[in-house]
Amino acid sequence: MKLSILVPTFNNLLYFNFFINSIYKNSYYKHEIIVHVNEGTDGTLQFVKKNKFKFTYSSENIGLCSSMNEAYKMSTSDFILYAHDDMYFCKDWDKYLVDEIRKQKNNLYYLTGTNVSTRYGLINFNCGDSIENFDENKFSNFCNQDNTPDLQGSHWAPHLIHRELWDKIGGFSEEFNPGDGSDPDFCMKLWLNKVRIFKAISKFKVYHFNSLTTRNNKVKLNNGTKLFLLKYGINPKFFRKYYLRGNNSIIPYIGELDKPNYTFLMFFDLFINKIKRLFFKINS
């Protein structure tokens, strides 16, 4: 089964090449890779041309959301996978993912990889904090031996949805450029379109070098929490905790979700969210 892998990159050639090599080396199937090159002044533009990738291009950084939407226009698969350019994919990652896709009874699902990192990951396990000191064998052995169950998914890249869903929600919301808050917004739009399966596949592991691209000093991040709160009346943390049941932690997969459980704590948190939203509206 072919997937369309969409990856935005911004002058990050060394890590992007490392990511690409992991796809070539560790994929069970052959896939379509579509790159959006922002600027590309570090040689990325020449690299994608030389290697005959499908790509879109902007002479300046247009942000993650716009980059994804541009790359999507060139995709041909029904299965759209969003990835970061500073990830390393595990052996047979796509076989585990495709096996899960084939279990689904319809297209209303959001499937993610299990993010492994030195910190900020779903699983924190140190295999190096850069490609220079990355221990591939250590990561591979960990992937083979780890018995973590499938987890409750919550706005983690890499994530995959069906083309039908992408078209229905309109892809990424470009008001969240350059990208902070875009993943929770993406998930909220899926939720509002009746998606209730949010699942992180344990065997589909990626090693993430801590969002190296977006956290460097070249990118001035937006206030994604504020934008999300003004748009939906709740903040991303509230959405993850009470709707997706993920809340940035390891929670075993609980199956198809239902309405949030209304508790005193939830109402209290909702009240705090409403106060903050009012404050932002008054001061905007």
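Keep in mind the model is a prediction, meaning the values are calculated, not measured. (Residues numbered from 1 in each chain as written. Predicted model: local features only at pLDDT ≥ 70, side-chain atom pairs only at ≥ 80, totals over all residues. Heavy atoms only, no water.)

K.L.:
Explain the overall build of the protein here, please?
P.N.:
Within the protein, the secondary structure is distributed over 10 helices and 10 strands. Oriented by its inertia axes, the alpha-carbon framework of the protein measures out at about 55 × 45 × 35 Å. Here the protein holds 284 residues, and the buried ones make up 57% of them. For the protein, long-range pairs separated by at least 24 residues make up 78% of all intrachain contacts whose partners lie at least 6 apart in sequence. Within the structure as shown, the protein displays about 13200 Å² of accessible surface, and the carbon and sulfur contribution to it stands at 52%. Of note, the protein has its 37 positive side-chain charges centred 4 Å away from the centre of its 28 negative side-chain charges. (Helix = DSSP H or I, 4+ residues; strand = E, 2+ residues; numbered from the N terminus. Buried < 20%, exposed > 50% of the residue type's maximum accessible area, 1.4 Å probe, protein only. Contact = heavy atoms within 4.5 Å. Areas by Shrake-Rupley, 256 points an atom, 1.4 Å probe, with all protein chains shown as cover. Lys, Arg positive; Asp, Glu negative; His and termini not counted. Charge placed at Lys NZ, Arg CZ, Asp CG, Glu CD.)

K.L.:
Where do I start with the packing of helix α7 (residues 182-192) against helix α9 (residues 236-244) in this structure?
P.N.:
Between two packed helices, the angle of one axis relative to the other and the distance separating the axes together describe the packing. Put simply, α7 and α9 touch, their axes get as near as 10 Å, and they point 40° apart. Between α7 and α9, the angle falls in the class oblique. Our pair here, α7 against α9, has a crossing hand that is left-handed. Counted together, P184, C187, M188 and W191 of α7 and P236, F239, R240, Y243 and L244 of α9 form the full contact between these two elements. Looking at the contact of α7 with α9, its residues break down into 8 nonpolar, no polar and 1 charged. (Axes fitted to C-alpha atoms, helices over the stretch in contact; angles between N-to-C directions. Parallel < 35°, antiparallel > 145°, perpendicular 65-115°, else oblique. Left-handed = near helix turned anticlockwise from the far one by under 90°. Nonpolar A, V, L, I, M, F, W, Y, C, P; charged D, E, K, R; others polar.)

K.L.:
Hey, could you run me through the pairing of strand β4 (residues 79-82) in this one?
P.N.:
For a regular strand, the rule is simple: side chains alternate between the two faces of the sheet. Burial of β4 is two-sided: the residues F79 and L81 facing one way and the residues I80 and Y82 facing the other way are all buried. Summarising the sheet, strand β1 (residues 4-10) and β4 pair through 3 bridges and their orientation is parallel. Paired with S4 across the bridge in β4 is I80. Relative to strand β9 (residues 159-162), β4 runs antiparallel, the two sharing 4 bridges. Bridged to I80 within β9 is I161. (Pairing = 2+ DSSP bridges.)

K.L.:
Which parts of the structure should I look at to understand α7?
P.N.:
Each full turn of the α-helix corresponds to 3.6 residues, which orients residues three or four apart in the same direction. Buried residues dominate α7, accounting for 10 of its 11 residues. Of all the positions in α7, only S182, D183, P184, D185, F186, C187, M188, K189, L190 and W191 are classed as buried. Looking at the residues trailing α7, positive phi occurs at K194, about 75°.

K.L.:
Help me understand the packing of aromatic side chains, please; the structure alone is not making it clear to me.
P.N.:
All chains considered together, the criterion is met by 35 aromatic pairs. Counting every residue linked through ring pairs, the aromatic cluster contains Y110, W191, F198, F228, Y232, F238, F239, Y242 and Y243. The aromatic ring of Y28 is capped on one face by K95, whose charged end is 5.8 Å from the ring centroid. Taking NZ or CZ as reference, K138 lies 5.2 Å from the ring centre of F125, over its face. (Phe/Tyr/Trp six-rings, centres within 6.5 Å; stacked < 30°, edge-to-face > 60°. Lys NZ or Arg CZ within 6 Å of the ring centre and 35° of its normal.)

K.L.:
Before we go on, may I ask you to explain the pattern of salt bridges in this structure?
P.N.:
Proximity of charged atoms lets side chains of opposite charge pair with each other. Taken as a whole and assessed by the stated rule, the structure comprises 12 salt bridges. One salt bridge in this structure joins E256 and K105, with 3.8 Å as the shortest N-O distance. Of this pair, E256 sits in the loop between α9 and α10 (264-282) while K105 sits in the loop between α4 (93-101) and β6 (109-117); the two residues are 151 residues apart in sequence, bridging distant segments of the chain. The pair E256 / K105 is uniform in exposure class, with both members exposed. Close ionic contact of K231 with D185 constitutes a salt bridge, the shortest N to O distance being 2.9 Å. Here the residue K231 occupies a position in helix α8 (residues 224-232), and D185 occupies one in helix α7, the gap between them amounting to 46 residues. Take K231: its relative accessible area is 37%, and that puts it in the partly exposed class. Residue D185 is classed as buried on the basis of its relative accessible area, which comes to 0%. Counted as one network, the salt bridges with shared partners bring together E100, K103, D150 and K199. (Salt bridge = Lys/Arg side-chain N within 4 Å of Asp/Glu carboxyl O.)

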